[in-house]
Amino acid sequence: MSAPERALVVKSSVAQKLARISQPTPRNLARLARVLARGGLVAVPTETVYGLAADALNARACAKIFRAKGRPAHDPLIVHVRTLAQAAEVAMLHSAAKKLAAAFWPGPLTLVLPKRDCVPALVTAGLGSVAVRMPRHPLFRTLLRLCARPLAAPSANPFGYISPTTAAHVRAGLGPRLAHILDGGPCAIGVESTILDLRDPARPALLRPGAISRAQLEKVLGRPIRVPRRTAAVPASTVRKAKAELAPGLLARHYSPRTPLVLTAKIPAMHPAAAPCDAFLFFRRPPQKKSAAVPGNVFWLSATGDPAEAARRLFAGLRALDQGQWRCIHAERAPARTPLAPAINDRLARAAAK
Ligand code: AMP
Ligand code: MG
């Protein structure tokens, strides 16, 4: 083998090396906190989905997030903090923000607020606002404490694909582009945080539905929250055109399996048997006899129709079905007015968007 050929082999074997999954021992946590403090990337468990974390105040570190995910630069990152004081270092906390923080932090709520100068423009896609969240997950909080920095962390998946809710999902998607994954088991909530735009506290807007509902937020704020049209699927071109005013990153197509996905209100129980080339994502377990026909073409989000369990299993279910060679995935919407239905149906609608 010639020297250039040898170099190529070495290079490709380095590129193929998969991320190491670390168990949350005190030693590993200290090591991963050092990786973050030195400007490295670590995939971390949160209560919503796994995040790809880097020092939020270090633009070079955050640039690695965009590269690893293939995320476009116009899609800003959420900054995670451990304390209210740390939130106040990156954002201006007005009284409405403080009220919501007192009620829902630590937890799955992200607030978009006027930013402070210390946050690099790269993190906020050049906007005057920053998205901030105080996560509840104890391992993520330990890392935040040990590295003593705010951490930017979008979902730890290639841009546009289904968000990861286990360490194995992270490795399957970003494996060769990432060195470190902290294993915290499956995520407790399973869908991304609720995002509330509070740039103008007099005109709050729900940018993304999540586990904390619009009604819960309205009750604490004491005023109605509008839902901008873009939270329904909008084309990327519209978002790009009106970048400054619109919330960036709310692309129509997102959370998408490779298999085409069709959304329906209710899948008849006998359909999986009748369409053996298709896959079916039920909200609730269908009657076994009618649906059993082709192994692997059925996944249900919850045996009993429990919305929290359904949200927790949503992305794992989409991934499982996406792995088969199915012609298309038929997915059932969460019944309206069940808790978490807006969040689940938002993700399904985006997964189905062309
Ligand atoms: P994620 O995709 O979970 O990382 O969530 C990031 C989303 O939060 C972005 O796509 C935006 O919709 C929103 N977001 C983040 N930062 C900002 C910001 N500075 N201003 C407005 N929206 C933001
Ligand atoms: Mg994401």
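The structure presented is a predicted model; accordingly, all values stated were derived computationally and were not measured.

## Brief notes about the side chain of Ser 256
Looking at the element boundaries, Ser 256 is found in the loop between helix 9 (236-241) and strand 11 (261-264). For Ser 256, a relative accessible area of 6% corresponds to the buried category. With sequence-adjacent residues up to four places away left out, Ser 256 is seen in contact with Gly 160, Tyr 161, Ile 162, Arg 350 and Ala 351.

## A look at helix 13 (residues 341-352)
With 12 residues, helix 13 ought to run about 16 Å at 1.5 Å a step, and its terminal C-alpha atoms sit 16 Å apart, in line with that. The element helix 13 is extensively covered by neighbouring structure, given that 10 of its 12 residues are classed as buried. Residues Ala 341, Ala 343, Ile 344, Asn 345, Asp 346, Arg 347, Leu 348, Arg 350, Ala 351 and Ala 352 constitute the buried set of helix 13.

## Considerations on the side chain of His 80
For His 80, the location among the structural elements is in strand 4 (residues 78-80). By relative accessible area, His 80 is classed as buried at 3%. A distance of 3.4 Å separates the side chain of His 80 from the backbone oxygen of Ile 78, its partner in a polar contact. In this view, His 80 contacts Arg 133, Pro 135, Phe 140, Leu 144, Pro 150, Leu 151, Ala 152 and Ala 153; residues no more than four positions away in its chain are not counted.

## Notes on the packing of aromatic side chains
A complete count under the given rule lists zero aromatic pairs for this structure. Positioned over the ring face of Tyr 161 is Arg 258, at 4.4 Å from the centre of the ring.

## Examining helix 12 (residues 307-323)
One full turn of an α-helix is made of 3.6 residues, so residues set three or four places apart face in the same direction. In a regular helix each residue adds 1.5 Å, so 17 residues correspond to 24 Å; helix 12 covers 24 Å between its end C-alpha atoms and thus fits that length. At Arg 313, helix 12 is deflected by roughly 45°, the largest bend along its length.

## Structural notes on the layout of surface pockets
Summary: where empty space remains is shown by rolling a probe the size of a single water molecule over the atoms. By volume, the second largest pocket is sized at about 170 Å³. Pro 158, Tyr 161, Ala 168, His 169, Ala 172, Gly 173, Arg 258, Arg 319 and Gln 323 together form the lining of the second largest pocket. Only helix 7 (167-174) and helix 12 provide two or more residues apiece to the lining of the second largest pocket. Residue composition of the lining of the second largest pocket, by class: four nonpolar, three polar and two charged.

## Some details on the nonpolar core
The biggest cluster of nonpolar side chains holds 48 residues, and the ones touching the most others in it are Leu 52, Leu 100, Leu 109, Leu 111, Leu 178, Leu 196 and Leu 217. Those elements giving two or more residues to this core turn out to be strand 3 (51-55), helix 3 (59-69), helix 4 (84-90), helix 5 (95-104), strand 5 (109-114), strand 6 (129-133), helix 7 and helix 8 (214-221). Residues contacting Leu 111, with those up to four places away along its chain left out, are Ala 97, Leu 100, Trp 105, Val 130, Ala 131, Val 132, Leu 196 and Leu 198. Ile 162, Leu 301, Ile 329 and Ala 334 belong to the second largest nonpolar core, which has 30 residues in total.

## Digging into the pattern of salt bridges
Per the counting criterion, the structure on display carries 10 salt bridges. Of the charged contacts in the structure, one is a salt bridge between Arg 133 and Glu 47, with a shortest N-O distance of 2.8 Å. Note that Arg 133 is positioned in strand 6 and Glu 47 in the loop between strand 2 (42-44) and strand 3, a separation of 86 residues in sequence. One exposure class covers both Arg 133 and Glu 47, and it is buried. The closest approach of N and O atoms between Asp 278 and Arg 327, which form a salt bridge, is 2.8 Å. With Asp 278 in the loop between helix 10 (271-274) and strand 12 (279-284) and Arg 327 in the loop between helix 12 and strand 14 (329-332), this residue pair connects regions lying 49 residues apart in the sequence. Taking relative accessible area as the criterion, Arg 327 reaches 58% and is therefore assigned exposed. Members of the salt-bridge network, linked through shared partners, are Glu 192, Asp 346, Arg 347 and Arg 350.

## Here we look at unusual backbone geometry
In this structure, the amide linkage connecting Trp 105 to the following residue, Pro 106, adopts the cis form with an omega of -5°. Inspection of the secondary structure puts Pro 106 in the loop between helix 5 and strand 5. Backbone geometry places Arg 337, a non-glycine residue, at a positive phi of 70°. Within the secondary structure, Arg 337 is located in the loop between strand 14 and helix 13.

## Comments concerning the packing of helix 2 (residues 26-37) against helix 6 (residues 138-147)
Viewed as axis vectors pointing N to C, helix 2 and helix 6 meet at an angle of 60°, and their least axial separation amounts to 9 Å. Here helix 2 lies oblique to helix 6, going by the angle between them. For the element pair helix 2 and helix 6, the recorded crossing hand is right-handed. Facing Leu 29, Ala 30, Leu 32, Ala 33 and Leu 36 of helix 2, the residues of helix 6 in contact are Leu 139, Thr 142, Leu 143, Leu 146 and Cys 147. Of the residues contributing to the contact of helix 2 with helix 6, the split by class is nine nonpolar, one polar and no charged.

## Quick look at the confidence of the model for the protein
Residues of the protein with pLDDT of at least 70 account for 87%, and the chain-wide mean is 90. pLDDT under 50 marks residues 1-15. Its contacts with residues more than four places away, or in other chains, come to three contacts. A low-confidence stretch, residues 231-245 stays under pLDDT 50, and its non-local contacts, those more than four residues away or across chains, total 27 contacts.

## Description of the environment of Leu 281
Considering the arrangement of structural elements, one finds Leu 281 in strand 12. Its relative accessible area of 0% is what places Leu 281 among the buried residues. Spatially, the C-alpha atom of Leu 281 lies 6.0 Å from that of His 330, the residues being 49 residues apart in sequence. Contacts of Leu 281, omitting those with residues within four sequence positions, involve Ile 267, Phe 299, Leu 301, Leu 314, Gly 317, Leu 318, Leu 321, Ile 329, His 330, Ala 331, Glu 332 and Leu 348.

Parameters and conventions
Residues numbered from 1 in each chain as written. Chains lettered and ligands numbered in written order. Predicted model: local features only at pLDDT ≥ 70, side-chain atom pairs only at ≥ 80, totals over all residues. Heavy atoms only, no water. Helix = DSSP H or I, 4+ residues; strand = E, 2+ residues; numbered from the N terminus. Buried < 20%, exposed > 50% of the residue type's maximum accessible area, 1.4 Å probe, protein only. Contact = heavy atoms within 4.5 Å. Expected span 1.5 Å × (residues − 1). Polar contact = N/O pair within 3.5 Å; in protein donor to acceptor, adjacent residues only side chain to side chain. Phe/Tyr/Trp six-rings, centres within 6.5 Å; stacked < 30°, edge-to-face > 60°. Lys NZ or Arg CZ within 6 Å of the ring centre and 35° of its normal. Bend = angle between axes of the 7 residues up to and from the residue. 1 Å grid on protein atoms, 1.4 Å probe; cavity = no way out; pocket = protein on both sides within 12 Å on 5 of 7 lines; lining within 4 Å. Points joined across faces, edges and corners; volume = space filled by probe spheres on them. Nonpolar A, V, L, I, M, F, W, Y, C, P; charged D, E, K, R; others polar. Core = buried A, V, L, I, M, F, W, Y, C linked by side-chain atoms within 4.5 Å. Salt bridge = Lys/Arg side-chain N within 4 Å of Asp/Glu carboxyl O. Axes fitted to C-alpha atoms, helices over the stretch in contact; angles between N-to-C directions. Parallel < 35°, antiparallel > 145°, perpendicular 65-115°, else oblique. Left-handed = near helix turned anticlockwise from the far one by under 90°. pLDDT = per-residue confidence, 0-100.

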